[in-house]
Amino acid sequence: MSDQIQFIVEKLNQEPFRKNYNLITFDSLESMQLLQLLSDVLGEIDPKHAVDIREELPEQTAKRMLSLLGILKYKPPGSTSDLSAFRQGLVTGSKPVIHPVLHWLLQRTSELKKRAYLARFLVKLEVPAEFLQDDTVADINKQYEELMEAFKNLHKECEQLKTSGLSTAEIRRDISAMEEEKDQLIKRVERLKKRVETVQNHQRMLEIARQLRLEKEREESLAQQKQEQKNQLFHAEQRLQRAQLQLKEMHHAVADSKPEGVMKKLEEEINFNSYLVIEKIPRELESKKNTAYFLQKVVAEPAMGQSDLDVLDVKINEVNAQMNQLIEKRMMKYEPIDSKFSMYRQQASIISRKKEAKAEELQAAKEEMSSAERQMLQKTSQAQELEGSEMLRGDEFKHYVNKLRSKNTFYKKKRLEIAEITAEYGILQRTEELLKQRHEAIQQQLQAIEDKKGISGYSYTQEELERVSAVKSEMDEMKGRTLDNMSEMVKKLNAMVAEKKASLAPVIKELRQLRQKCQELTQECDEKKIQYDSCAAGLESNRSALEQEVKGLLEECAQEESNYRYVNCMKRNLEIQLQRAKEEMKAYVSPDPQERRKAIREQYTRMILEQENLGKKLREKQKVVRESHGPNMKQMKMWQDFEQLMECKRECFLKQQNQTAIGQVIQEGGKDRLVL
């Protein structure tokens, strides 16, 4: 509680409050003063709450503060039944209620300012349902919700721009560069306008150029939409192919398998999925949660120095040593009983590890199978693109064979028709040749008759005259039509020129006035720009000086804060050590034997006695081993000699057997010679 009050006093003595309190003066504040202080802090967060509580009723003050605390999402300490006591304490200005609120507000002032600012625009007004039945009210409410969503998006973009790292100097340079580009573009536009004004029908040309640009943009958008639709169609075809392939596989699997096999396969899949859901995934999720919890705990800890780390290392070593001692004691006490259980535990752990490994292998195999299926779909689509069809199976192949047979009969029928047409074509070709020969013979006879009569070339000349007269009549008709069209076009062009001149006269007059006004505005803009540049240079110099000052103060503040945290940590460590020493002394002096057993001194005393007893037992065992060492060594030497003696006897016995066998062989050979 003292740390809380000290923190509140430190924050209130800083900007922007500057109250100049100490612990005594702050603790001696009355209820009205505490309420006014809370109102001032809330007014710093939200300027609407910067009011004098003497000018409003206590109920209004409590209602105003409770509404803002609800918007800021303050949760009073205690259960739900304590809310009435909290409201009553807020009305009366009770210290146990006001102090935690002040501590919570002063801890996160900047965050709460942002939340209060957003609440002005994002706290939704609840409209009764009977009012929303009116169309006007419903439209306004819908527009209100749309504006709220637009504000959310704009606020997110603003925060992203703030955190993007863009400096004001870079923005100003970009603005100056864009202004220069704007000036250059304006000059280019002016030059182009002057060039265009000398051209006839320039307004119409500009309109046509504008329409051309719009049509090109529309063409680009349509091309983009076409490409998007092609992509969507391609993805849809791929999905369709995958679905068809899966359907075929399911059909084949159903056709080739029995119900018992399908049920067995489904049971295996269910067992595997249930193992994943019940055992593996919850265990992995629990480990991830534990890791995240420990990481959050580490992040929430204050900054620690090297001395704190050394203390923690010492504690860890002590706890590890105690754990090792306890494990040794447990092994000494329960080793014969626990040996079977340890064997079973070891076997169970091996089986569980094998099960996990097989589950991982199965999952990897499924992933590999899915990737292979995707590759197969890709290859199938590529084969369809190259060949135009896919592999046929079963009924589809039979249907394809029947289709080929029908096409074959149709082909034979058409082939017969083609043979008939070819024969008829040969007959017609022969008829044409005969007619040509007859025509040539008639022409020769006609030419011979013309030569006899002295008018050779008459028929040819007659044909040429008829052809030339027909061509001349056609040309005359075309010339007449062309002259009529040209006269009508000239009349239309003259009318359009007169109309455009009449329509452009007021526009040209207005354009002259606008040019004069543009020159005046350009001159005024140049003057304002000079003033802006001078003012911006002065502000930039002031800003750089202030930034240097603020940077120095921030570094000093960070140094002081680190010193404060270090001293506070050392203080807490000393307090904890002092508390442990007091508890140890209290437990040691306590007449209660249960309390005295909890003392560390008693625990270490018991551990020392246990180690001494263990040492005595080991010394006695060592004494027994030393006493029996000499006789045991002598007995071992005797057994070694006995072993050597027996080995010698075995070798002698083997040699004797070999010699006996050789003698028998020699005797049998002598007998055979005597017989011969």
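Residues numbered from 1 in each chain as written. Predicted model: local features only at pLDDT ≥ 70, side-chain atom pairs only at ≥ 80, totals over all residues. Heavy atoms only, no water.

## Structural notes on the overall build of the protein chain
Looking only at helices and strands, one finds 18 helices and 0 strands in the protein chain. For the protein chain, with 676 residues in total, the buried portion stands at 11%. Taking the intrachain contacts of the protein chain between residues at least 6 apart in sequence as the baseline, contacts between residues at least 24 apart amount to 57%. Here the protein chain has roughly 57600 Å² of accessible surface; of this, 58% comes from carbon and sulfur atoms. (Helix = DSSP H or I, 4+ residues; strand = E, 2+ residues; numbered from the N terminus. Buried < 20%, exposed > 50% of the residue type's maximum accessible area, 1.4 Å probe, protein only. Contact = heavy atoms within 4.5 Å. Areas by Shrake-Rupley, 256 points an atom, 1.4 Å probe, with all protein chains shown as cover.)

## What to know about the pattern of salt bridges
Enumeration according to the criterion identifies 14 salt bridges in this entry. For K152, the salt bridge identified is with E149, shortest N-O distance 3.7 Å. Here K152 pairs with E149, and both are found in helix 9 (residues 135-163), just 3 residues apart, close to one helical turn. Overall, the relative accessible area of 42% leaves E149 in the partly exposed class. Two residues, R430 and E433, come together in a salt bridge whose shortest N-O distance is 3.4 Å. Separated by 3 residues within a single helix, R430 and E433 lie in helix 14 (residues 395-453), roughly one turn from each other. R430 sits in the partly exposed class, given a relative accessible area of 47%. (Salt bridge = Lys/Arg side-chain N within 4 Å of Asp/Glu carboxyl O.)

## Notes on the packing of aromatic side chains
Inspection of every chain in the model, using the stated rule, returns 3 aromatic pairs. When the ring of W639 is compared with that of F642, the centres are 5.9 Å apart and the planes differ by 90 degrees; the resulting orientation is edge-to-face. Taken together, the residues span about one helical turn, with W639 and F642 both in helix 18 (residues 629-675) at a distance of 3 residues. Take W639: its relative accessible area is 55%, and that puts it in the exposed class. (Phe/Tyr/Trp six-rings, centres within 6.5 Å; stacked < 30°, edge-to-face > 60°.)

## Description of helix 3 (residues 31-45)
Given a rise of 1.5 Å per residue, 15 residues ought to cover 21 Å, and the 21 Å separating the end C-alpha atoms of helix 3 matches this to within 8%. Among the residues of helix 3, L34, L35, Q36, L37, L38, S39, V41, L42, G43 and I45 are the ones counted as buried. (Expected span 1.5 Å × (residues − 1).)

## A few points about a nonpolar patch on the surface
Together, V262, M263, L266 and I270 line one region of the surface with nonpolar side chains, adding up to about 360 Å² of accessible area. You can see V262 is positioned in helix 12 (residues 259-300). (Patch = residues over 30% accessible without salt bridge, like charges linked within 9 Å, V, L, I, M, F, W, Y side chains within 5 Å.)

## Looking at the packing of helix 5 (residues 83-92) against helix 6 (residues 95-107)
Running from amino to carboxyl end, helix 5 crosses helix 6 at an angle of 90 degrees, the nearest separation of the two axes being 8 Å. The angle between helix 5 and helix 6 falls in the class roughly perpendicular. Facing helix 5, whose interface residues are F86, G89 and L90, helix 6 presents V97, I98 and V101. Of the residues in the contact of helix 5 with helix 6, the class split is 5 nonpolar, 1 polar and no charged. (Axes fitted to C-alpha atoms, helices over the stretch in contact; angles between N-to-C directions. Parallel < 35°, antiparallel > 145°, perpendicular 65-115°, else oblique. Nonpolar A, V, L, I, M, F, W, Y, C, P; charged D, E, K, R; others polar.)

## Regarding a positive patch on the surface
A cluster of basic side chains, namely K187, R188, R191 and R195, defines a positive patch on the protein surface. For K187, the position within the fold is in helix 10 (residues 168-197). K187 gets classed as exposed once you look at its relative accessible area, which sits at 53%. (Lys, Arg positive; Asp, Glu negative; His and termini not counted. Charge placed at Lys NZ, Arg CZ, Asp CG, Glu CD.)

## Let's talk about the nonpolar core
Counting 31 residues, the largest nonpolar core has L12, F26, L38, L72, L102 and L105 as the members making the most contacts within it. With near-sequence residues (within four places) excluded, L12 lies in contact with F17, R18, K19, Y21, F26, L37, V41 and L106. (Core = buried A, V, L, I, M, F, W, Y, C linked by side-chain atoms within 4.5 Å.)

## What to know about a negative patch on the surface
Among the surface-exposed residues, E180, E181, D183, E524, D526 and E527 lie close enough to one another that they form a single negatively charged patch. Elements with a contribution of two residues or more to the negative patch: helix 10 and helix 15 (458-589). By the secondary structure assignment, E527 is in helix 15. E527 gets classed as partly exposed once you look at its relative accessible area, which sits at 45%.

## Some points on the confidence of the model for the protein chain
With 86% of its residues at a pLDDT of 70 or more, the protein chain has an overall mean of 78. Considering each helix and strand of the protein chain separately, the mean pLDDT is smallest for helix 16 (residues 593-598), with a value of 68, and largest for helix 17 (residues 600-627), with 87. A low-confidence stretch, residues 672-676 (pLDDT under 50), is modelled with 0 contacts involving residues beyond four sequence positions or located in other chains. (pLDDT = per-residue confidence, 0-100.)

## Here's the deal with helix 4 (residues 58-71)
In this model helix 4 runs 20 Å from its N-terminal to its C-terminal C-alpha over 14 residues, within 8% of the 20 Å that 1.5 Å per residue would give. Buried residues along helix 4 sit in contact with helix 3, helix 5 and helix 6. A positive phi of about 65 degrees marks K73, the residue just after helix 4.

## Regarding the environment of L125
Mapped onto the elements, L125 comes out in the loop between helix 7 (109-122) and helix 8 (129-132). Overall, the relative accessible area of 60% leaves L125 in the exposed class. Each C-alpha atom, one on L125 and one on N141, is 9.1 Å from the other, the two residues being 16 residues apart in sequence.

## Some words on the environment of N22
Its place among the elements puts N22 in the loop between helix 1 (2-13) and helix 2 (23-27). Measuring from C-alpha to C-alpha, the distance between N22 and V9 comes to 6.4 Å, with 13 residues separating the pair along the chain.

## Details of the state of the cysteines
For the structure shown, the criterion picks out 0 disulfides. Of all cysteine sulfurs, the one in C652 lies closest to C648, which takes part in no disulfide; the gap is 6.6 Å. C648 gets classed as partly exposed once you look at its relative accessible area, which sits at 43%. (Disulfide = S-S within 2.5 Å.)

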